[in-house]
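# Reading the structure
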Amino acid sequence: MEIKEIQMSELESKISSGEPLNIIDVREDFEVQFGMIDGAEHIPMNDVPNRLDEFDQDQTYYIVCKSGGRSADVAMFLNQHDIDAVNVDGGMMEYKGGQ
């Protein structure tokens, strides 16, 4: 199954436009201490399977991690559960809004 991906710069453009977005940060607790995208929700990768009921099948979710590897795995997992998830390639390492 192929997952949808966007670059961090594309996500930042969407954020700047004021578009309402569902951004899920799947990094570990110690990683998010250094900063998150404003408005993102923190759900560590290993907690996602236990929190599937928090995802709305009528929404799109942008999944972020440090570089794009873990978020790709989470996006694929969510897609397999009929949730529209998009991997943010490059992750927080590409985020210009600050970490």
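Broken down by element type, the protein chain carries three helices and five strands. Beginning at the N terminus, the succession of helices and strands in the protein chain can be written as β-α-β-α-β-β-α-β. By the compact-globule yardstick of 13 Å for 99 residues, the protein chain fits well, its C-alpha radius of gyration being 12 Å. Each of the three principal axes of the protein chain carries a C-alpha extent, and together these read 30 × 30 × 20 Å. Expressed as a percentage of its 99 residues, the buried residues of the protein chain come to 40%. Here the contacts in the protein chain between residues at least 6 apart in sequence split such that 61% fall between residues at least 24 apart. A gap of 6 Å separates the mean positions of the 7 positive and 21 negative side-chain charges of the protein chain.

Once that is clear, we can look at the sheet that holds strand S2 (residues 22–25). In a beta sheet, neighbouring strands pair by backbone hydrogen bonds and run either parallel or antiparallel. Spatial strand order, S1-S5-S4-S2-S3: five strands in an open sheet with parallel pairing. A single partner strand is all that each edge strand has here, and the edge strands are strand S1 (4–7) and strand S3 (41–42). With four bridges connecting them, strand S4 (residues 60–64) and strand S5 (residues 84–89) associate as parallel partners. Paired with Ile63 across the two strands is Asn87, which belongs to S5. Packing against the sheet, helix H1 (residues 8–16) makes contact with S1, S2, S4 and S5, and its axis sits at approximately 80 degrees to S1.

For the rest of this paragraph, the subject is the packing of aromatic side chains. Throughout the structure, instances matching the rule amount to one aromatic pair. With 4.9 Å between their ring centres and 75 degrees between their planes, Phe55 and Tyr61 make a pair best called edge-to-face. Assessed through its relative accessible area of 9%, Phe55 is described here as buried. With a relative accessible area of 7%, Tyr61 lands in the buried category.

The next subject is the side chain of Arg27. Position of Arg27 relative to the elements: it lies in the loop between S2 and helix H2 (29–32). Since its relative accessible area comes to 5%, Arg27 is described here as buried. Among the polar contacts made by the side chain of Arg27, one reaches the main-chain carbonyl oxygen of Glu31 at a distance of 3.5 Å. Those residues within four positions of Arg27 in sequence are excluded, and the remaining contacts are Val32, Gly35, Met36, His42, Pro44, Val64, Cys65, Lys66, Arg70 and Met92.

Parameters at a glance
Residues numbered from 1 in each chain as written. Predicted model: local features only at pLDDT ≥ 70, side-chain atom pairs only at ≥ 80, totals over all residues. Heavy atoms only, no water. Helix = DSSP H or I, 4+ residues; strand = E, 2+ residues; numbered from the N terminus. Rg over C-alpha atoms; globule rule 2.2 N^0.38 Å. Buried < 20%, exposed > 50% of the residue type's maximum accessible area, 1.4 Å probe, protein only. Contact = heavy atoms within 4.5 Å. Lys, Arg positive; Asp, Glu negative; His and termini not counted. Charge placed at Lys NZ, Arg CZ, Asp CG, Glu CD. Pairing = 2+ DSSP bridges. Axes fitted to C-alpha atoms, helices over the stretch in contact; angles between N-to-C directions. Phe/Tyr/Trp six-rings, centres within 6.5 Å; stacked < 30°, edge-to-face > 60°. Polar contact = N/O pair within 3.5 Å; in protein donor to acceptor, adjacent residues only side chain to side chain.

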